[in-house]
Amino acid sequence: MSAVLWLRRDLRRGDLPALGAAAAAGDGSVAPLFVLDPRLLDSAGRVRRAWLGRSLTALVESYDGALHVRIGDPAVEVPAFAQEVGATSVHVTRETTPFGVARDRRVGAALTAAGVELVATGTPYAVGPGLVTKPDGDPYRVFTPFMRAWRDHGWPLPAQEPEGVEFVRVAAAQARSRDSALSDLDTVGADADLPEAGEDAALRRWREWRADGGLTAYATDRNRPDRDGTSRMSPHLKIGSVHPRTLLADVTQEEGKGAWIFVNELAWREFYADVLWHHPRSAWRDLRPALEGLAYDEPGEQVAAWREGRTGYPIVDAGMRQLLATGWMHNRVRMIVASFLTKDLHVWWPVGARHFMDHLVDGDLASNSHGWQWVSGTGTDAAPYFRVFNPVLQGVKFDPRGDYVRRWVPELAHLAGKAAHEPWTVLDGYAQGYVERIVDHAEERKEALRRLGELRPR
């Protein structure tokens with residue numbers, strides 16, 4: 001009798017405890033399943049859909065063609081599939097997001113009614129959310145003490161793949177239907193500039209980046225969007241083609257400060273997941289009420305210009321165009337464009353967070369929402385609301401030669417050096433049709449501070 005392995009954001013075979021649990025329950029026979037949920041697909045932009053399609057195509061190959069794919073409500077499709085293969089248990093990686101918890105509760109109830117058990121094993125994180133707490137048992141709301149406790153807690157070594165596992169084959173007609181559905185996903189974003197998908201590609205990128213000194217240089221290069229200074233593991237971590245445990249097992253002290261900072265970046269991801277676990281409303285609401293009552297503007301034409309990369313501020317427009325073209329944006333630029341939306345355009349952060357989630361291939365709910373709140377001043381470790389990123393100074397500092405801007409804003413390709421960040425300062429700055437600035441940053445900074453002042457007792 002087989003057991004079902006229901007994959008969600010764990011699209012791999014290696015370092016997957018749920019696979020081991022399924023193999024043990026099914027006496028080595030496992031039926032791997034993925035369910036395309038229309039509720040999630042309908043909200044995903046073309047690049048995000050293409051990344052999912054390519055990742056699943058790679059997963060089909062990884063599972064020797066034996067990945068079953070269904071389309072529909074998981075509460076209907078998973079129990080039906082379990083009955084088809086005669087399974088008495090369905091195995092998953094434990095989910096901790098509000099949507100995932102609610103979905104698994106519904107699916108678990110449907111499976112119970114069908115006489116099938118839903119078994120959760122493992123977590124998408126090195127340390128599962130809720131396991132790292134203060135000595136008094138309360139959750140952390142500040143990163144640095146969480147990070148120290150998280151490091152002290154530690155994590156297990158990567159899980160070994162079970163030996164002798166056999167995967168339940170997919171019928172020829174079902175395989176054709178599956179492959180057609182995955183091809184349709186990819187076709188939507190066929191022109192997208194995406195990384196190579198799949199577990200093998202993720203591990204290859206990780207090895208090559210480290211071999212090229214990426215981890216050693218990480219401390220100095222990670223904030224430079226004009227350099228390939230980041231690991232680019234975030235899309236793979238999001239979809240689960242690699243587990244953070246696998247990366248942590250490779251990092252050594254010999255790689256210096258860069259290694260320490262890289263581990264801290266993974267800790268930020270785990271911290272935000274922990275915060276969301278304890279405060280599920282913070283997915284789309286302010287975690288801290290300090291700015292309740294702050295006056296925000298309704299999204300309008302200026303927000304449309306922000307989404308399309310037509311604000312007239314080169315570093316902002318470069319980032320937004322990179323997002324639309326590739327489904328990814330450098331983290332430093334994410335902070336710059338988030339500050340522009342919330343402080344220069346005076347729009348509440350969920351407007352931008354939802355746009356990111358629609359388009360980012362690494363759009364992790366916890367990291368995305370709490371990253372936006374960090375900038376807007378409503379979350380944990382929040383940058384104070386009065387800290388407003390100057391998009392020109394940020395561009396000059398982190399893209400000093402203007403290479404990043406010229407890559408994504410071809411209307412400025414004729415401008416050399418830092419002039420690409422200030423086209424209004426040179427005679428031919430707008431010669432290639434670049435847009436004028438939609439707001440005056442200095443004036444909007446004053447306006448943001450004025451609105452903040454209205455919240456304070458006089």
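Before any of the text, the structure's been laid out above.
None of the values given here were measured: they were computed from a predicted structure.

(A) Looking closely at the packing of aromatic side chains. Tallying each qualifying case throughout the model produces 22 aromatic pairs. When the ring of Tyr218 is compared with that of Phe262, the centres are 5.5 Å apart and the planes differ by 75°; the resulting orientation is edge-to-face. Here Tyr218 is found in helix α9 (residues 218-221), whereas its partner Phe262 is found in helix α12 (residues 256-278), with 44 residues between them in sequence. For the ring pair Trp268 and Phe271, a centre distance of 6.0 Å and an interplane angle of 70° mean the geometry is edge-to-face. You can see Trp268 and its partner Phe271 sitting in helix α12, three residues apart, about one turn around the helix. One aromatic cluster is present, formed by Tyr140, Phe143, Phe146, Trp268, Phe271 and Tyr272 through successive ring pairs. The ring centre of Trp6 lies 4.4 Å from the NZ or CZ of Arg8, which sits over that ring. Its guanidinium or amino end placed over the ring of Tyr63, Arg13 lies 5.7 Å from that ring's centre, counting from NZ or CZ.

(B) Structural detail: the side chain of His330. Position of His330 among the secondary structure elements: in the loop between α14 (314-326) and α15 (331-344). For His330, the side chain forms a polar contact with the main-chain oxygen of Arg222, separated by 2.8 Å. The residues contacting His330, other than those within four sequence positions of it, are Arg222, Asn223, Arg224, Pro225, Thr230 and Gln322.

(C) Spotlight on the pairing of strand β4 (residues 89-92). Residues Ser89 and His91 line one face of β4 and the alternating positions Val90 and Val92 line the opposite face, and both faces are buried. With two bridges connecting them, strand β1 (residues 3-7) and β4 associate as parallel partners. Each bridged residue has a counterpart across the sheet, and for Val4 the counterpart in β4 is Val90. Following the backbone out of β4, through helix α5 (residues 98-113) and into the adjacent parallel strand β5 (residues 117-120), one traces a crossover that is right-handed.

Scoring rules and cut-offs
- Residues numbered from 1 in each chain as written.
- Predicted model: local features only at pLDDT ≥ 70, side-chain atom pairs only at ≥ 80, totals over all residues.
- Heavy atoms only, no water.
- Phe/Tyr/Trp six-rings, centres within 6.5 Å; stacked < 30°, edge-to-face > 60°.
- Helix = DSSP H or I, 4+ residues; strand = E, 2+ residues; numbered from the N terminus.
- Lys NZ or Arg CZ within 6 Å of the ring centre and 35° of its normal.
- Polar contact = N/O pair within 3.5 Å; in protein donor to acceptor, adjacent residues only side chain to side chain.
- Contact = heavy atoms within 4.5 Å.
- Buried < 20%, exposed > 50% of the residue type's maximum accessible area, 1.4 Å probe, protein only.
- Pairing = 2+ DSSP bridges.
- Right-handed = clockwise from strand over helix to strand, strands pointing away.

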